[in-house]
Amino acid sequence: MNLRRSFILGTTALLILAGCQGTTRNARYDARTEREIERLLSQMTLAEKIGQTNQLSSYGTAEAMHDVIAEGKVGSILNEVDPYTINAMQRIAVEESRLGIPLIIGRDVIHGFRTVFPIPLGLAATFDPELVEQGARIAALEATASGVRWTFSPMLDISRDARWGRIAESSGEDTYLNKVMGTAMVRGYQGGGAGDPTCMAACAKHFVGYGAAEGGRDYNSTNIPPRQMRNVYLPPFEACIVDAGAMTLMTSFNDNDGIPATGNTHLLTDVLRKEWGFDGMVVTDWNSAGEMIAHGFADDGKDAARKAINAGVDMDMMSHTFGLNLEELIAEGKVDEGRLDDAVRNILRLKFRLGLFDDPYVDADAARDACYTEENLAAAYRSAAESAVLLRNENNTLPLDASKLRRVLVTGPLADAPYEQLGTWTFDGEASHTVTPLAALRETYGDRIAFVFEPAMATSRSRMSAAQLAAVTAKAAQCDAVLVFAGEEAILSGEAHCLADLNLQGSQSDLIAAARRSGRPVVTVIMAGRPLTVKRDLGNMDALLYSFHPGTMGGPAIADILFGKVSPSGKLPATFPVAAGQIPMHYNRNMTGRPASGTEVLLDDIVPGAGQTSLGCSSYMLDTGFAPLFPFGYGLSYTTFEYSRPELDAESYSADGTIRAACTLRNSGSRDAEEVVQLYVRDMVGSVTRPIKELKAFRRVAVPAGETVRVEIELPVAELAFWNIDMERTVEPGEFRLWMAGDSDSGEYATFHVK
Ligand code: GLC
């Protein structure tokens, strides 16, 4: 049995026996490793040191990369996943290069390797970090079996703008949820950490603020002031680096307040190294060093390399500026060789931690054995089921009763689209393994129900004629219910795929309306990589289930939810706006001096000749009002839940105290179900204005039908700390409110004070 397999069995046994917390903190590299690093470094030529800082995308074969590897001109290769090719590349590095330093192979394993899980926005909707950690562990087992030992994940970009295509890849708009999901992924990817052959180094990205791109347009400038950077954007990175021990970090494309992240010394050195004590490795994003020329922040490649490495970057992904310029920059004294030595130390430390010097090879013949196992597919199914969010269910249309249905029309561009439901950033998942909703419906319920499939639209952007729409109405009228699978293809979200208009594309809205005209119950399932503005469609559907591109097992999960085998429990990780014009629209906004009351005069209510006035005006939109379509944290169930007002164990707390909050949660319906109890806090008055609510904890709770459970959450008062008017991270005394509710817009609060 090879090292890898024996370790997997051994570790699993140990973890079960010891009940370990699945510690993912890197076992602090020991002094021996540091001595090894220094010994190796002392033998390296300047060219070999520079070679380690160079990351190249695979040319496709080991032969094509033979010379650049053998001459020690590359330290890492990305986008190679064939285990035989990876072994061959490693063999060249280890056996033919002068010092035999192994490569580290990186890949965007963002939400699964071969077994594809829901996109990260969907994983966030599960509000189930244990499940997300399990999914990341499975991704690591599948990917490391092929020789991929580094993933460019978790993506920790706070995403408050659904126009930004990469919201799909994020854990949504909330800082706490991003922290929880990001650290869960790091733990899952890295497993036992240093020395674990199934450890896949995590990469906290994109550092930092990339999701605040102006206008939701990818790569655009951001303007995040220092305090908001500290209170909103940096915490997920700090948690992944300091608490979960992420081994690497990636710089982001954006310039913030005029400084490109890849050349930002304050972030990469002052904050990351000096303040957080990061001893891992920093890689640029793809050519983000070279793009500082386009930014107008560097004169040329040489200047870009100088700014990047002096800011604190260790490895250059695909700009070639390090490989082409560092020797000259050092000769000219513009880059200190000591900085290069530190970069190489960080790279070598990563390789030592991953055990690559001991054994860089994989059992290529066995690589596929790790993929698509029953356990992996079961975890993907559970993730897809828990990530689905029920947004509308008029007259309890769902769950469908199979005994009362003979014929069901299945229509829409996403009903049977195996590649599209995998979602964005799916490089290695195979559509041939996808189970689509149509396939699952027929497989599971086809013995009792005839599922009539009429795609109606080749893609989400197809246009339908009146005759085609009429045909759908007629076909639907011959059935007992209609399932419309709408949304967007995988390519319509993700990197560089931003949208100004978030309405359903093409004739999808017309298709839903055509189904409605049949008079039959209409259930819409939307698969998408982002919140879409579906207000205009809601009146034409009895039920809406939202599935953020659910991955390989999306079909069975959706089918089982539709027919009630599973009760939906997902909650929105991002606010759904009424219209794109409402954006940015996030729940943890500030109150402003003129908060909307909800009684404002709307466009259609304005009488002719209405007088001009500014009195009584508040912060809202004439056409859409103020409220979102669906708030952060929202999601229906097949049952109903009733919350009591939260009870606190004290009326006031000291800054080092712990708040013990509790509520009763009653399942007042007829079905067993799970609920995500969310704990929000509001700091009523601060030395700076404070968000109207902040998620501080959540619990996924199973409640049998008709029963009541007591939910208790302990919240250290320290979790209320924020960066205040003096840029000090502190808990300020004063009045606070605390909610325990099913979403960010409901529930009663309890009041407490911090002394
Ligand atoms: C891309 C992305 C980054 C990814 C990298 C490698 O441009 O911004 O998230 O990890 O390049 O594919």
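Everything numeric here is computed off the predicted structure, so don't read it as measured data. Numbering of residues starts from 1 in each chain and follows the order in which that chain's sequence is written. For this predicted model, a pLDDT threshold of at least 70 governs which residues receive local features, and a threshold of 80 or more governs which side-chain atom pairs are given and counted, while totals over whole chains, interfaces and linings are taken from all residues. As a convention, hydrogens and water are excluded, and side-chain values are obtained from all of the structure's heavy atoms.

Caption draft 1: The arrangement of the packing of helix H7 (residues 129-144) against helix H16 (residues 374-387) in detail. Interaxial angle, 0 to 180 degrees, is taken between N-to-C directions of lines fitted to C-alpha atoms, where a helix line uses only the stretch in contact. Elements are defined by DSSP. Helices are runs of H or I of four residues or more, strands are runs of E of two residues or more, and each kind is numbered from the N terminus. Two elements in contact, H7 and H16, have axes whose closest approach is 10 Å; the angle formed by their N-to-C orientations is 145 degrees. Here H7 runs over H16; the crossing is left-handed. Between H7 and H16, the contacting residues are Leu131, Gln134, Ile138 and Glu142 on the first element and Glu375, Asn376, Ala379, Arg382, Ser383 and Glu386 on the second. Any residue that is not Ala, Val, Leu, Ile, Met, Phe, Trp, Tyr, Cys, Pro, Asp, Glu, Lys or Arg is counted as polar, Gly included; the first ten are nonpolar and the last four charged. When its residues are assigned to classes, the contact of H7 with H16 shows three nonpolar, three polar and four charged. Each crossing gets its hand from how the near helix is turned against the far one by less than a right angle, where anticlockwise is left-handed and clockwise is right-handed. In what follows, a contact means two residues having at least one pair of non-hydrogen atoms within 4.5 Å.

Caption draft 2: Spatial organisation of the sheet that holds strand S22 (residues 694-703). Any two strands with at least two DSSP bridges between them are considered paired. Strand order in the open sheet formed by five strands is S19-S27-S26-S21-S22, with mixed pairing between adjacent strands. Each of the sheet's edge strands pairs with one partner strand only, and the pair in question is strand S19 (652-653) and S22. Note that strand S26 (residues 734-741) and strand S27 (residues 749-754) share six bridges and pair antiparallel. Bridge pairing links Leu738 to Ala750 in S27.

Caption draft 3: Spotlight on the environment of Leu483. In this structure, Leu483 sits in strand S14 (residues 481-487). Along the chain, Leu483 and Leu438 lie 45 residues apart, while their C-alpha atoms are 9.9 Å from each other. Aside from chain neighbours lying at most four places away, what touches Leu483 is Leu400, Val408, Leu409, Val410, Thr411, Leu441, Val523 and Leu562.

Caption draft 4: Here's a closer look at the site of the ligand. Proximity is defined per residue: any heavy atom of the residue falling within 4 Å of a molecule or strand makes that residue near it. Surrounding the ligand, one finds 13 residues, the nearest of these being Asp108, Arg166, Lys205, His206 and Asp285. Here a polar contact is recorded for every N or O atom pair within 3.5 Å, except that within protein the pair must consist of a potential hydrogen donor and a potential acceptor, and residues adjacent in sequence are included only if both atoms are side-chain atoms. Between the ligand and Asp108 there is a distance of 2.5 Å, counted from an oxygen atom to a side-chain nitrogen or oxygen. For accessible areas, the Shrake-Rupley method is used with a probe of radius 1.4 Å. Any residue's cover is judged against the shown protein chains and nothing else. Out of a free accessible area of 310 Å², the ligand has 93% covered by protein chains. Class assignment for the residues of the shell around the ligand results in seven nonpolar, one polar and five charged.

Caption draft 5: Local environment of the confidence of the model for the protein chain. On average, residues of the protein chain carry a pLDDT of 95, and 96% of them reach 70 or more. Each residue gets a pLDDT score, which is the predictor's confidence in that residue and runs from 0 to 100. With pLDDT under 50 throughout, residues 11-27 is counted as low confidence; its partners more than four residues away or in other chains account for 25 contacts.

Caption draft 6: Main features of helix H9 (residues 226-233). Listed in full, the buried residues belonging to H9 are Met229, Arg230, Val232 and Tyr233. Along its buried surface, H9 packs onto helix H8 (175-190), helix H10 (235-243), strand S7 (255-256), helix H11 (265-275) and strand S24 (722-723). Throughout, exposure labels follow a simple rule: accessible area from a 1.4 Å probe, protein chains only, divided by the maximum for the residue type, with under 20% read as buried, over 50% as exposed, and the rest as partly exposed.

Caption draft 7: Up close: the domain arrangement of the protein chain. Domain delimitation in this document rests on an assignment produced automatically or drawn from a domain database. Per the domain assignment, the segments of the protein chain are domain 1 (385-562), domain 2 (588-627) and domain 3 (641-754). A separation of 36 Å is found between the C-alpha centroids of domain 1 and domain 2.

Caption draft 8: Seen up close, the packing of aromatic side chains. When two rings of Phe, Tyr or Trp (its six-membered ring) have centres within 6.5 Å they constitute a pair, described as stacked for plane angles under 30 degrees, edge-to-face for angles over 60, and tilted for the intermediate range. Under the criterion given, the structure shown has 23 aromatic pairs. On the basis of an interplanar angle of 70 degrees and a centroid distance of 6.1 Å, the ring pair of Phe576 and Phe630 is categorised as edge-to-face. Taken as a pair, Phe576 in the loop between helix H21 (554-562) and strand S17 (641-643) and Phe630 in the loop between H21 and S17 lie far apart in primary sequence, 54 residues in all. The class for Phe576 is buried, based on a relative accessible area of 0%. Residue Phe630 is classed as buried on the basis of its relative accessible area, which comes to 7%. Relative to Tyr680, the ring of Tyr587 has its centre 5.5 Å away and its plane inclined at 75 degrees; by these criteria the two rings are edge-to-face. With Tyr587 in the loop between H21 and S17 and Tyr680 in strand S21 (residues 673-683), this pair connects stretches of sequence that are 93 residues apart. No difference in accessibility class separates Tyr587 from Tyr680, as the two residues are buried. Residue placement shows Lys205 over the ring face of Trp425; its charged tip is 5.4 Å from the ring centre. Two limits define a charge over a ring: the Lys NZ or Arg CZ must be within 6 Å of the ring centre, and within 35 degrees of the ring normal. Above the ring of Phe297, the side-chain terminus of Lys307 is found at 4.0 Å from the ring centroid.

Caption draft 9: Molecular detail of the pairing of strand S15 (residues 522-528). Along S15, seven of the seven residues are buried, which leaves the element largely enclosed by surrounding structure. Of the two faces of S15, both are covered, the one formed by Val522, Thr524, Ile526 and Ala528 as well as the one formed by Val523, Val525 and Met527. When S14 meets S15, the two strands line up parallel, connected through six bridges. If you follow Ala486 over to S15, its bridge partner there is Ile526. In terms of handedness, the path from S14 via helix H19 (residues 508-516) over to S15 forms a crossover that is right-handed. In the sheet, S15 pairs with strand S16 (residues 543-548) via six bridges, with the strands oriented parallel. Of the residues in S16, the one forming a bridge with Ala528 is Phe548. Handedness of a crossover is defined as follows: orient the strands so they point away from the viewer, and if the path from the first strand over the helix to the second runs clockwise, the crossover is right-handed.

Caption draft 10: Examining a nonpolar patch on the surface more closely. Surface patches are drawn from residues lacking salt bridges whose relative accessible area is over 30%; two like charges belong together within 9 Å, two nonpolar side chains (Val, Leu, Ile, Met, Phe, Trp, Tyr) within 5 Å. Definition used for salt bridges: Asp or Glu carboxyl oxygen within 4 Å of a side-chain nitrogen of Lys or Arg. Together, Val601, Leu603, Ile606 and Leu622 give the surface a local cluster of nonpolar side chains, amounting to about 320 Å² of exposed area. With respect to the secondary-structure elements, Leu603 resides in the loop between H21 and S17.

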